Amino acid sequence: MAKVNADTLNLTEQVIRTNKVQKTHKGGRTMGWNVLVAVGDYNGHVGVGLGKARAIPDAIRKGVEAAKKNIMIVPLVGSTIPHEQLAHWGASQVLMRPASPGTGVVAGGAVRPILELAGVKDVLAKSVGSRNAINTAWATVECLKRFKRAADVSEARGVAVEDMVPWLLKEQAAEVVELGADAQADEPAGDSDAENQA
């Protein structure tokens, strides 16, 4: 996957999860923080990073730097994702399905902010198994990496898009026939009303 230059994008940062950790030494305990951060431009670019430091501001800064290094391009079809996808990371699983316009982002936990920053507006997502935010975030990123557009797959296989997804052509043809039938049904009704008034 080609590297994306984060400096050319107008990125928004969002903290997904902060986690306080302690390390026990001979002399006592030292406190620390790890912060899960996502960055995106709401237009098909998103990255996730984890920052660790003694103080929260430093951890956030490190997390943002890590996220900017991991930015990837998310292929979108309109306002949704190209196809269904299931990915797992550790004991966390994330399932995503395309949704019709107006559905919104039906997702929770660490999945929702990542999808929103990627620019996905309509999607059905479900996290299964462990609800650990970090593993769920990596599983979400894995899902986004696996998405492919039909045009790209058809080019790689050397097959026309129409031959790859024939059901799509049938659906489009059926919609055209329905629209034509509706238009014809409306016309005579208007003519008969005009004759009755005369």
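Provided above is the structure to which this section pertains.
All values reported here derive from a predicted model rather than from experimental measurement.

What counts and what doesn't
Residues numbered from 1 in each chain as written. Predicted model: local features only at pLDDT ≥ 70, side-chain atom pairs only at ≥ 80, totals over all residues. Heavy atoms only, no water. Pairing = 2+ DSSP bridges. Helix = DSSP H or I, 4+ residues; strand = E, 2+ residues; numbered from the N terminus. Contact = heavy atoms within 4.5 Å. Axes fitted to C-alpha atoms, helices over the stretch in contact; angles between N-to-C directions. Core = buried A, V, L, I, M, F, W, Y, C linked by side-chain atoms within 4.5 Å. Buried < 20%, exposed > 50% of the residue type's maximum accessible area, 1.4 Å probe, protein only.

With that out of the way, let us pick up the sheet that holds strand S2 (residues 28-40). Spatially, four strands are ordered S1-S2-S3-S4 in an open sheet, and the strand pairing comes out antiparallel. Only two strands of the sheet have a single partner each, and these edge strands are strand S1 (12-25) and strand S4 (72-73). With eight bridges joining them, S2 and strand S3 (residues 45-53) adopt antiparallel strand pairing. Bridging across to S3, valine 37 finds its partner in glycine 49. Strands in contact with helix H1 (residues 56-69) are S1, S2 and S3; relative to S3, the strand with the most contacts, it is inclined by about 145°. Lying over the sheet, helix H2 (residues 111-118) contacts S1, S2 and S3, oriented at roughly 135° with respect to S3.

We now examine the side chain of glutamine 85. Along the chain, glutamine 85 turns up in strand S5 (residues 85-89). When residues no more than four places from it in sequence are discounted, the contact partners of glutamine 85 are Val94, Leu95, Met96, Cys143, Arg146 and Phe147.

So, on to the nonpolar core. Ranked by size, the top nonpolar core spans 29 residues in total, and within it Val46, Met96, Leu115 and Leu144 carry the most contacts. Of all elements in the fold, only S2, S3, strand S6 (92-98), H2, strand S8 (123-129) and helix H3 (133-146) reach the threshold of two or more residues within this core. Excluding residues that lie within four positions of it along the chain, leucine 115 makes contacts with Met96, Val105, Ala107, Val120, Val123, Ala125 and Leu144. Ranked by size, the runner-up nonpolar core spans twelve residues in total, among them Val4, Ala6, Val35 and Ile71.

Looking now at the pairing of S1. Here S1 pairs with S2 via 13 bridges, running antiparallel. Bridge pairing links threonine 24 to arginine 29 in S2. The turn linking S1 back onto S2 is made up of two residues.

Let us look at the pairing of S5. For S5 and S6, the ladder comprises five bridges, and the chain directions are antiparallel. Along S6, the bridge assignment pairs alanine 87 with valine 94.

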